[in-house]
Amino acid sequence: MRVGYVQFAPEFGEVERNLDRVAELLTGGQADLWVLPELFATGYQFASARELEFLAEPAPGGRTTARLIALARESNSHIVAGLAEQAGKRIYNAAVLVGPSGLVARYRKVHLFYEEKHLFAPGDLPFPVADIGPAKVGLLVCYDHFFPEAARSLALQGAEVIAHPANLVMPGLAQLTMRVRAIENRAFTVTANRIGVEARTGETLRFTGLSQIVAPNGDVLAQAPQDAEEVRAVEIDPAQARDKHLTRLNDVFADRRPEFYRRLVG
Ligand code: ACM
């Protein structure tokens, strides 16, 4: 199968323009699974809760999810993308997985980063894994990369590809942690980060690019530039992620000793 990322610079508040840009960018590649950045249609740095309320949408039911489903149909692919999900009075920093027949899975960011804590409700759904045919796909959002438990919980449910929409602002960290998440879970990871700058609140956020695709052995199969758009897909074999052997005598999942971890964790 082919998996890919779309790295670009969303314009804050310009939902229609950002959706159109993604549609244009997707015509430049072919993949079974595309990953787009976190909050790709709205931008990231909301100046107030009111601004977020104005831009958040139900998912499904909002124009962003509808457009993603249309794009999945046109490109005969599945797409993972981050969006601001409105659900009653709550707004989540969410990610959706859509395919030609509609919404397949939804995730609400569990680990909120920085000012997100003042804007979004923390995730209240389990880490989701969905079978899209060629692979089982799990969803994380950005700062979740810091928490080994998040990727682990996807991998223990059978995720072969971990899709990771991101708006990273700390240079170099996720490129490292996601390689480790791939190695320790023997799963593929696809991080789609954004580029550009937002300075809407007196604070300047520089988004750090370097979207990447990592193999279960930690090899970086693709990495985008720091500061330019890139749409890139690579061929992977999800069967590699089903084999958890490190040596003939070590299966990294069978070798786990959760009875010891429970005394320390949680
Ligand atoms: C992040 O979670 N957007 C860094």
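Residues numbered from 1 in each chain as written. Predicted model: local features only at pLDDT ≥ 70, side-chain atom pairs only at ≥ 80, totals over all residues. Heavy atoms only, no water.

Draft legend 1. Here's a closer look at the sheet that holds strand β1 (residues 2-7). Across the sheet, 6 strands lie side by side as β5-β4-β3-β2-β1-β14; this open sheet has mixed pairing. Strands with a single pairing partner mark the edges of an open sheet, and in this sheet they are β5 (102-108) and β14 (230-235). Strand-to-strand twist across the sheet, computed as the mean angle between neighbouring axes with direction ignored, equals 30 degrees. Sheet topology places strand β4 (residues 90-99) next to β5; 6 bridges connect them, and they run antiparallel. (Pairing = 2+ DSSP bridges. Helix = DSSP H or I, 4+ residues; strand = E, 2+ residues; numbered from the N terminus. Axes fitted to C-alpha atoms, helices over the stretch in contact; angles between N-to-C directions.)

Draft legend 2. The arrangement of the pairing of β1 in detail. In terms of residue burial, β1 counts as a mostly covered element, since 5 of its 6 residues are buried. Where β1 and β14 come together, 6 bridges link them in antiparallel fashion. By the bridge assignment for β14, valine 6 is matched with valine 231. As defined by bridge partners, β1 adjoins strand β2 (residues 33-35) across 3 bridges and the pair is classed as parallel. Along β2, the bridge assignment pairs glycine 4 with tryptophan 34. Crossover handedness for the path β1 to helix α1 (residues 15-26) to β2: right-handed. (Buried < 20%, exposed > 50% of the residue type's maximum accessible area, 1.4 Å probe, protein only. Right-handed = clockwise from strand over helix to strand, strands pointing away.)

Draft legend 3. Representation of the layout of surface pockets. Taken as a whole, the second largest pocket spans an internal volume of roughly 190 Å³. Lining the second largest pocket are 13 residues, and of these Gln45, Phe46, Glu115, Leu119 and Thr201 lie nearest its centre. (1 Å grid on protein atoms, 1.4 Å probe; cavity = no way out; pocket = protein on both sides within 12 Å on 5 of 7 lines; lining within 4 Å. Points joined across faces, edges and corners; volume = space filled by probe spheres on them.)

Draft legend 4. Looking closely at empty space enclosed by the protein. Inspection of every chain in the model, using the stated rule, returns 1 cavity of 30 Å³ or more. Its volume calculated, the largest cavity comes out at about 80 Å³. Residues of the lining of the largest cavity, tallied by class, amount to 8 nonpolar, 2 polar and no charged. (Nonpolar A, V, L, I, M, F, W, Y, C, P; charged D, E, K, R; others polar.)

Draft legend 5. Inspection of helix α5 (residues 173-185) at higher detail. For α5, spanning 13 residues, the distance from its first C-alpha to its last is 18 Å, which sits close to the expected 18 Å at 1.5 Å a residue. Buried positions along α5 lie against α4 (148-156), β8 (161-165), β9 (188-192), β12 (212-214) and β13 (220-223). Immediately beyond the C-terminal end of α5, within one or two residues, lies arginine 186, with a positive phi of roughly 45 degrees. (Expected span 1.5 Å × (residues − 1). Contact = heavy atoms within 4.5 Å.)

Draft legend 6. Geometry of the side chain of glutamate 230. With respect to the secondary-structure elements, glutamate 230 resides in strand β14. Summary of buried charges: glutamate 230 has no salt-bridge partner, and the nearest side chain of opposite charge, arginine 232, is 4.0 Å away. Within the structure, the side chain of glutamate 230 is placed 2.6 Å from the side chain of tyrosine 5, a separation counted as a polar contact. Apart from the residues lying within four places of it in its own chain, the contact partners of glutamate 230 are Tyr5, Val6, Gln7, Gln223, Ala224 and Pro225. (Lys, Arg positive; Asp, Glu negative; His and termini not counted. Salt bridge = Lys/Arg side-chain N within 4 Å of Asp/Glu carboxyl O. Polar contact = N/O pair within 3.5 Å; in protein donor to acceptor, adjacent residues only side chain to side chain.)

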